[in-house]
Amino acid sequence: MNDIQTLSAPAKIILLGEHAVVYNQPAIAIPVSQIRAYATTKVSEQFSIVAQNTGEHFDLQTLNNQIDNALSSIVRNTLEQLNKPAPNVTISITSDIPVASGLGSGAAVSTVICKSIALAYETELPLETINELVYQVEKIHHGTPSGIDNTVIVYEKPVFYKRSEPLNLFEVEHHFEFLIADTGDKALTHISVGDVRKLYVSNKEKYGEIFSKIGELVLFGRKALLSGNRMLLGTLLNQNQDLLRQLTVSSERLDQLVDSALNAGALGAKLSGGGRGGNMIALVDHASREDVHHALVAAGAKNVISFSLPPENKGI
Ligand code: PMV
């Protein structure tokens, strides 16, 4: 390989259908190409990974000692897949993607490490294989992940995802503008997923019906994206937020941000991902974007990211 190579993977956000997707309903996730994780690979004397954001340094021995760690798992799984020893490279990771907030930072970092190790051997693994390797690592974080995060990040395309069905990527040609706002509250996805499971077990009929309603609006969501129907998509985001509230995965701060966005002219808004904290997403139009942005900041959002579909420019 060349002395230095950089590659990247995008963040992702779930637009519609989180939680219900675990129960075999469809969900839609979209890449957030404007914020990314990067890996720079340099030839060196021995294998190591440097996490630039935290200053941590992992050599092979440290990784081998941490069996259940996400980093060591993606390294081990990738090397097993390639059937090679660790290459003599240093992989430096930087990421603009906030951690533990539903934007897929873990899956993006796993993706760039997997690709970088293959690159060190001047090879490219098929996306399908990378997706499976990253999924195995997601299981360490999330217990029973649906697989939606790794899929949208590895393929970097909107995905209509249903657990039992073949991969269904699609292109969005119409222009949609979104804002993502961070509550600043860290929340662990496996906890909210576990709590929803307890609710479901307590009343399968009631919660099964909520999952089905979410699944139905996801089908309309795909139509809205394909036909460029912003009003419909906004309404669906709002309906999905109501159903997520019923699953108890919203929070006071998420509700405040959603209400502020709607009051400032957003076409629709909802939490995204595991909930209880993390991020919300608002659909805006050109006229309302600035107002909604200010309203979110005024309501206490810690970070507001603006992005669009299709992306204006992708990274490396
Ligand atoms: O919090 P995130 O963005 O990783 O999303 C979790 C989405 C859930 O549907 C709640 C769980 C899953 O595995 O799909």
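In the block above lies the structure referred to throughout.
Residues numbered from 1 in each chain as written. Predicted model: local features only at pLDDT ≥ 70, side-chain atom pairs only at ≥ 80, totals over all residues. Heavy atoms only, no water.

Novice: Got a minute to help me understand the overall build of the chain in this structure?
Specialist: What the chain contains, in helices and strands, is ten helices and ten strands. The buried share of the chain, reckoned over its 316 residues, is 54%. When contacts within the chain are restricted to residue pairs at least 6 apart in sequence, those whose partners lie at least 24 apart make up 74%. Here the chain carries 26 positive and 33 negative side-chain charges, and the mean point of each set is 5 Å from the other. (Helix = DSSP H or I, 4+ residues; strand = E, 2+ residues; numbered from the N terminus. Buried < 20%, exposed > 50% of the residue type's maximum accessible area, 1.4 Å probe, protein only. Contact = heavy atoms within 4.5 Å. Lys, Arg positive; Asp, Glu negative; His and termini not counted. Charge placed at Lys NZ, Arg CZ, Asp CG, Glu CD.)

Novice: Would you mind showing me how to read the packing of aromatic side chains here?
Specialist: Note on aromatic pairs: each is described by the distance of the centres and the angle between the planes. A full pass over the atoms with the stated rule returns five aromatic pairs. Between F178 and F307, the aromatic rings sit 5.2 Å apart at their centres with planes inclined by 25°, giving stacked as the arrangement. Here F307 lies in strand β10 (residues 303–309) and F178 lies in strand β7 (residues 176–182), a separation of 129 residues in the sequence. Accessibility expressed as a relative area gives 0% for F178, which makes it buried. Assessed through its relative accessible area of 3%, F307 is described here as buried. With a centroid separation of 5.6 Å and an interplanar angle of 50°, the aromatic rings of Y200 and F211 are classed as tilted. Pair noted here: Y200 is in helix α6 (residues 189–202) and F211 is in helix α7 (residues 204–227), with a separation of eleven residues, a long-range link. Relative accessible area serves as the criterion here: at 21%, Y200 is assigned to the partly exposed category. Put simply, the rings of Y23, Y200 and F211 touch in pairs and so form one group of aromatic residues. Positioned above the aromatic ring of Y121 is the side chain of K84, whose terminal nitrogen or guanidinium carbon lies 5.3 Å from the ring centre. (Phe/Tyr/Trp six-rings, centres within 6.5 Å; stacked < 30°, edge-to-face > 60°. Lys NZ or Arg CZ within 6 Å of the ring centre and 35° of its normal.)

Novice: Explanation requested: the pattern of salt bridges in the structure shown.
Specialist: Oppositely charged side chains can pair when the atoms bearing their charge come close. Scanning all chains against the criterion turns up eleven salt bridges. One salt bridge connects R276 with D195, and the closest N-O pair in it is separated by 2.8 Å. Of this pair, R276 sits in the loop between β8 (268–272) and β9 (279–284) while D195 sits in helix α6, and the two are 81 residues apart along the sequence. Overall, the relative accessible area of 24% leaves D195 in the partly exposed class. Salt-bridge contacts for D242 lead to R245; the nearest nitrogen and oxygen are separated by 3.0 Å. Of the two residues, D242 and R245 both sit in helix α8 (residues 230–246), three residues apart, roughly one turn of that helix. R245 sits in the partly exposed class, given a relative accessible area of 31%. (Salt bridge = Lys/Arg side-chain N within 4 Å of Asp/Glu carboxyl O.)

Novice: Explain the site of the ligand here, please?
Specialist: Around the ligand sit 16 residues in total, of which K12, H19, S146, T189 and G274 are the nearest. Within the backbone of G274, an N or O atom sits 2.8 Å from an oxygen atom of the ligand. Relative to its unbound accessible area of 380 Å², the ligand is 96% covered by the protein chains. For the shell around the ligand, the residue count by class is six nonpolar, seven polar and three charged. (Near = heavy atom within 4 Å. Polar contact = N/O pair within 3.5 Å; in protein donor to acceptor, adjacent residues only side chain to side chain. Areas by Shrake-Rupley, 256 points an atom, 1.4 Å probe, with all protein chains shown as cover. Nonpolar A, V, L, I, M, F, W, Y, C, P; charged D, E, K, R; others polar.)

Novice: Looking at this model, I keep getting lost on the environment of A100. Mind explaining?
Specialist: Among the secondary structure elements, A100 is positioned in the loop between β5 (89–95) and α3 (105–120). For A100, a relative accessible area of 40% puts it in the partly exposed group. For the pair A100 and A181, spaced 81 residues apart in sequence, the C-alpha separation works out to 14 Å.

Novice: Before we go on, may I ask you to explain the nonpolar core in this structure?
Specialist: Among soluble globular proteins, nonpolar side chains are generally buried collectively. Counting residues in each nonpolar core, the largest one holds 105 residues, and the members touching the most others are L15, F178, M280 and L296. The element that contributes the greatest number of residues to this core is α3, accounting for ten residues. Discounting chain neighbours no more than four positions away, the residues touching M280 are L179, I180, A181, L254, L257, V258, A261, A269, K270, L271, S272 and L296. (Core = buried A, V, L, I, M, F, W, Y, C linked by side-chain atoms within 4.5 Å.)

Novice: Hey, could you run me through helix α4 (residues 127–142) in this one?
Specialist: An α-helix turns once per 3.6 residues; consequently, residues spaced three or four apart project the same way. With 16 residues, α4 should cover 22 Å at 1.5 Å per step; its first-to-last C-alpha distance of 22 Å lies within 8% of that length. Those residues of α4 that fall on the buried side of the exposure criterion are T129, I130, N131, L133, V134, Y135, V137 and E138. G143, located one to two residues past α4, shows a positive phi value of around 75°. (Expected span 1.5 Å × (residues − 1).)

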